[in-house]
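Overview (structure and organization)
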Amino acid sequence: MILIKVTSDVTVIGGGPAGLAAGISAKESGAEKVIIIDRNNWIGGILPQCIHDGFGIETTGLSQTGPEYINEYIKKARNLGITLLIETMVLNFNNKLEIISASKKGLLKIKSKSIILAMGCREKTRGNLIIPGDRPSGIYTAGLAQALINLYNIMPGKNIVILGSGDVGLIMARRLKIEGANILGVIEILPYPNGLPRNVVQCLKDYNIPLFLNHTITSIEGKDRLKKITIAKVDKNKKPILGTEKTIKCDTLLLSVGLIPENEISSDAGIIIDSSTSGPIVNQDYRTTIPGIYACGNCLQVYDTVDLLSIHAKIAGRQSAINTLKENNNNINYAEKKIIVKPGNGIKHIIPQQINITGMINFSIRVDEPKNSTKISFKLNKNEIFIKNLKYLNPASIINVKVKIPKFSKNNILEVSLNE
Amino acid sequence: MKNFHIAIIGGGVIGSAIARELSRYELDIILFEKESDVASSTSKANSGVIHSGINSPPKSLKAHFCVEGNKIFQSLAEELSVPVKFTGKYIIARNEEEIKDLIKLKKNGIENNVKGLRLIEAEEINSNEPNISSKYALFVPSAGITLPYQLTIALAENSIINGVKFLLETKIIDINYINYKYNIKTNNGLFQSDFIINAAGLNCRDIVQMLEEPDFKVYPCRGEYLVLDKNCNSLIKKLIYPIPQKKYGFLGIHITPTIDGNILLGPTFEYINNINDTKTTKEKMNLILNEVKEIIPSVNEKAVINAYSGIRCKISPPEYDGISDFRVENSKINPGLINLLGIESPGLSAAPAIAKEVVKIISKNIELSKKTKFISKYEKYKKFSDMTNVEKSKTIKRDTNWGRIICRCENVTEAEVINALSNPLGAKTLSSVKYRCRAGMGRCQGGFCTQHIIRIMEEKFNLDRTKIKLK
């Protein structure tokens, strides 16, 4: 036998906070054999490098650091007897729930009753933004810079500019300031910061780091190492305004310009991806378009806090376990009876994208621009079933809304929109 | 001071191809490269196209070396385990008027001895390339693609195995011709040689100037490119070119599939002042996207994962339309100085033939005797991502480092990174890893694997982490 063959009830791809929360929940919900696979040589995903605090506020009330928060999950997973496979990378899986993964032990073929996708996300790069200019060293994604300083004790530079006001960028501004770097500014193309309001205050304002809203980088200069960048104000269409250019001398540029859910292996397996979340289309159980396969964490949608991510991942874990306990577990056919959820006016994306049952459903919603006060309305086949006043909406924060879905028959459309 | 028979200046595809061709003979050869790796300039930043020779003026050296180079490309690439694919090319006419240009091109190609040219119509175009809207095209079967940096690296590394000495990060400061010897002063010491082969590309004039008054100038001409994500690889199968522009010998912004599955868009065409100015510009990026959308309307700029530019070594100024031929010649003043000047497109395709020509020139001056033990084969291991499951399993059993994936976008293993860092050239930068095994070349552009590559450099190669360079 050349491939090492393994069977499992629930196999989780990715051992970050989502994968751990889902795996633990699956085990606690009755799945007998649970395997969590991670390609790194540690479990915990990105959290070991997130040494700032603020983790757990929404779940435990404690404000822990990333390593503290995740260590509790790792301990729990070990105590429950979950198999943790590190340095193991999933190369592909299929709709028969067979996973092929590579590790130093060899090639593994894992046959599961349920699979949970928890692959996380990756950072957008300079290439994605097509920033013009030279191609010197000294340009890092914010997450890579965070790994370098927090895991390897390497300072990425001295005079640093950060492009994008995403949370990782804001946290890195403070982190590198504390380590003695000059943070010359955070550049944001939008008229509002892209990260959580608390991070804008705690990471920039408290440290007197300038934030340039409505600005972008128009040029990067430097032959070997970065020497300077040019920034400019942008107009309403995000186009640079001539005459507003300003150069900043710096040796390092960090990019915090967005995260992309990692779903290459999901698409290869035939899972349908929502173009607005860039994650799999799921139903109320976080089940993807392939029966038996569930999705959670940042590969489902990019979360702004690990807390909410963990809460949702637990639901996915529980549902995956219920699936393993059912007879003929992979044959549940939801296609007969479903509601398709459509994002309407003011809504960037909404999860779940499909509903197959009646009763209370938990929606996570992202709006497309900040609003002080508005109403959110749910219309099932054009009849309003739910309306609620919302305040201080921010695209950086996911909104959670619980809505009772009435009885329905056959195919339906639920449109969710903001009313001015 | 050791005397070498041959000193080659420049580790681009031309210098490396010459080094490899000369390493067949009993010669002491040294090659100087000023950057931290070979293929650091024009040879890495181009379209990677093996041209047919259809575009060059009949009887020109460009046409001759291109057609000859094209013929031997396949066997050379096989010897060196460098991938090539003769995908063929469509030169498309966007209107009735341009059909005349296709006919002219076909005639030119036939005169240059390019085989298999055929005018085709919408039906054939659509069935092979459904994303292209065009009524007429010229099909050029002998055009193809390769990985230019991998070819250069393989040529260089195979030369080393056959005894050529390569010095990286070695700049030529001055050269003197005294007592029939060239004295070469570099930042890494003094060297002596009987011959100098000037394959310095964009710097070719500086080298000539150290010995004689050059009769030409270099007019650097930048070309910018955009790289599309691999998930767009079904967009085209063949090389898609517009009708070449009348001026400058510029082939126009084209769409090129690559061996690795990405698609290249570009290059642009722009005379610049500084040979090192490889910047990219918003203006040209927009131009590329607009021109490509005219050929393939479905191209989406969200799929762009990278932008870069390369510089053509032109020796004819814009006011003369920038058209000039390659110059592969002996200096009339300094015996033993062989200059390779103005090697721009189709220099990559021509490289194997130019190397043979240089051997011919040298053989007229000294007697060359073939080595009994020339190792022509340069075996490269199969990439992990290209293996079958059974091959993967067996390889991991042999060496467990094959089971540890370092670059997740390209599925590159720790064993492949170690292998890249153990290269005979001694190149040990992040770029030298990237160009040898693709770690860091994928959609995350090194966001995840850089930290692991640094770890391997430290653990296995004792490199100081604070001194690790990008390139």
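Computed from a prediction, not measured in an experiment: that's the story for all the values here. (Residues numbered from 1 in each chain as written. Chains lettered and ligands numbered in written order. Predicted model: local features only at pLDDT ≥ 70, side-chain atom pairs only at ≥ 80, totals over all residues.)

**A look at the overall build of chain A**
What counts here: Here a helix means four or more residues in a row that DSSP labels H or I, a strand means two or more in a row labelled E, and each is numbered from the N terminus. Both definitions apply: the radius of gyration is a C-alpha atom measure, and the globule rule equals 2.2 Å times residues to the power 0.38. Our exposure labels follow a C-beta count within 10 Å of each residue's own C-beta, placed from the backbone: buried means 20 or more other C-beta atoms, exposed means 12 or fewer, and partly exposed covers the counts in between. By the convention adopted here, residues make contact when the C-beta atoms placed from their backbones lie within 7 Å.
When helices and strands are tallied, chain A shows 8 helices and 27 strands. For chain A, the C-alpha radius of gyration of 22 Å lies close to 22 Å, the compact-globule estimate for 420 residues. Looking at chain A as a whole, 51% of its 420 residues are labelled buried. Look at the contacts in chain A between residues 6 or more apart in sequence, and 65% of them connect residues 24 or more apart.

**Focus: the domain arrangement of chain A**
Residues and elements named next belong to chain A. Worth spelling out the cut-off: Where each domain begins and ends follows an automated or database-derived domain assignment. Under the convention adopted here, Pro, Cys and the residues Ala, Val, Leu, Ile, Met, Phe, Trp and Tyr are nonpolar, Asp, Glu, Lys and Arg are charged, and Gly plus all remaining residues are polar.
Split into domains, chain A comes out as domain 1 (1-122 + 259-332), domain 2 (125-257) and domain 3 (335-420). Between domain 2 and domain 3, the contact holds 5 residues from the first and 4 residues from the second. Taken together, the residues that form the side of domain 2 that touches domain 3 break down as 3 nonpolar, 2 polar and no charged.

**Here's the deal with the interface of chain B and chain A**
On the side of chain A, 32 residues touch chain B, which itself brings 35 residues to the contact. Elements with a contribution of two residues or more to the side of chain B that touches chain A: α7 (282-295), β18 (304-314), α9 (389-398) and α12 (450-461) of chain B. In terms of residue count, α9 of chain B provides more of the side of chain B that touches chain A than any other element does, 6 residues in total. Classifying every residue of the side of chain B that touches chain A by side-chain character gives 12 nonpolar, 15 polar and 8 charged.

**Here's the deal with the packing of helix α1 (residues 13-22) of chain B against helix α5 (residues 148-161) of chain B**
Residue and element names in this part refer to chain B. We apply this condition: Here the axes come from fitting lines to C-alpha atoms, over the contacting stretch only for helices, and the angles between their N-to-C directions go from 0 to 180 degrees. A clockwise turn of the near helix away from the far one marks a right-handed crossing, whereas an anticlockwise turn of less than a right angle marks a left-handed crossing.
Contact pair α1 / α5: the axes reach a minimum separation of 8 Å and the direction vectors enclose 35°. Our pair here, α1 against α5, has a crossing hand that is left-handed. Together, V13, S16, A17, A19 and R20 of α1 and P148, L151, T152, L155, A156, N158 and S159 of α5 make up the contact between the two elements. For the contact of α1 with α5, the residue count by class is 7 nonpolar, 4 polar and 1 charged.

**Some details on the packing of helix α1 (residues 17-28) of chain A against helix α2 (residues 66-79) of chain A**
Residues and elements named next belong to chain A. Across the interface, α1 lies against α2 with an axial gap of 10 Å and an inter-helix angle of 35°. Classified by chirality, the crossing of α2 by α1 is left-handed. Taking contact as the criterion, the partners of P17, L20, A21, G23 and I24 in α1 are, on α2, I70, Y73, I74, K76 and A77. Class assignment for the residues of the contact of α1 with α2 results in 8 nonpolar, 1 polar and 1 charged.

**Things to note about the sheet that holds strand β8 (residues 144-146) of chain B**
All names here are of chain B. Note the cut-off: Pairing between strands is defined by DSSP: at least two bridges between them are needed.
The antiparallel open sheet is built from 3 strands, whose spatial order is β3-β8-β4. Each end of this open sheet is capped by a strand with a single partner; those strands are β3 (49-50) and β4 (84-85). Direction of pairing for β4 relative to β8: antiparallel, over a ladder of 2 bridges. From the neighbouring strand, V84 faces β8, where its bridge partner is T146.

**Comments concerning helix α11 (residues 430-437) of chain B**
An α-helix turns once per 3.6 residues; consequently, residues spaced three or four apart project the same way. Residues and elements named next belong to chain B. Within α11, 8 of the 8 residues are buried, which leaves it mostly tucked inside the rest of the structure. Where α11 is buried, its residues contact α5, β22 (412-413), α10 (414-421) and α12. Immediately beyond the C-terminal end of α11, within one or two residues, lies R438, with a positive phi of roughly 75°.

**Digging into the domain arrangement of chain B**
All names here are of chain B. Entries for chain B in the domain assignment read domain 1 (3-43 + 149-214 + 323-363), domain 2 (82-146 + 218-320) and domain 3 (384-467). Just the C-alpha atoms count here: the centres of domain 1 and domain 2 sit 30 Å apart. Listed per partner, the contact involves 15 residues of domain 1 and 14 residues of domain 2. Breaking the side of domain 1 that touches domain 2 down by element, the ones donating at least two residues are α5 and α6 (204-209). The greatest single-element share of the side of domain 1 that touches domain 2, amounting to 3 residues, is contributed by α5. The residue makeup of the side of domain 1 that touches domain 2, split by class, is 7 nonpolar, 6 polar and 2 charged.

**Quick notes on the nonpolar core**
Our working rule: Note on terminology: a nonpolar core is any set of buried Ala, Val, Leu, Ile, Met, Phe, Trp, Tyr and Cys residues joined through C-beta atoms within 7 Å.
Counting 121 residues, the largest nonpolar core has A7, I8, I9, I18, I197, L265 and I354 of chain B as the members making the most contacts within it. Beyond its immediate chain neighbours, meaning those up to four positions away, A7 of chain B contacts I30, F32, Y182, I184, F191, S193, F195 and I196 of chain B. Core analysis: the next-biggest nonpolar cluster, separate from the first, contains 101 residues, A295 and I350 of chain A together with I396 and A415 of chain B among them.

**With respect to the environment of S52 of chain B**
When you line up the elements, S52 of chain B lands in the loop between β3 and α2 (61-79). In sequence terms S52 of chain B and K71 of chain B are 19 residues apart; their C-alpha atoms lie 9.0 Å from each other.

**Some details on the sheet that holds strand β13 (residues 211-212) of chain A**
Residue and element names in this part refer to chain A. Across the sheet, 5 strands lie side by side as β10-β17-β11-β12-β13; this open sheet has parallel pairing. The open sheet has two free edges, formed respectively by β10 (139-141) and β13, since each of these has just one partner strand. Bridge analysis of strand β11 (residues 159-163) against strand β12 (residues 182-187) gives 5 bridges, and the strand direction is parallel. Residue pairing for β12: I162 is matched across the bridge by V186. Contacts between helix α5 (residues 167-178) and the sheet are confined to β11, β12 and β17 (252-255), with β12 contributing the most and set at about 170° to the helix.

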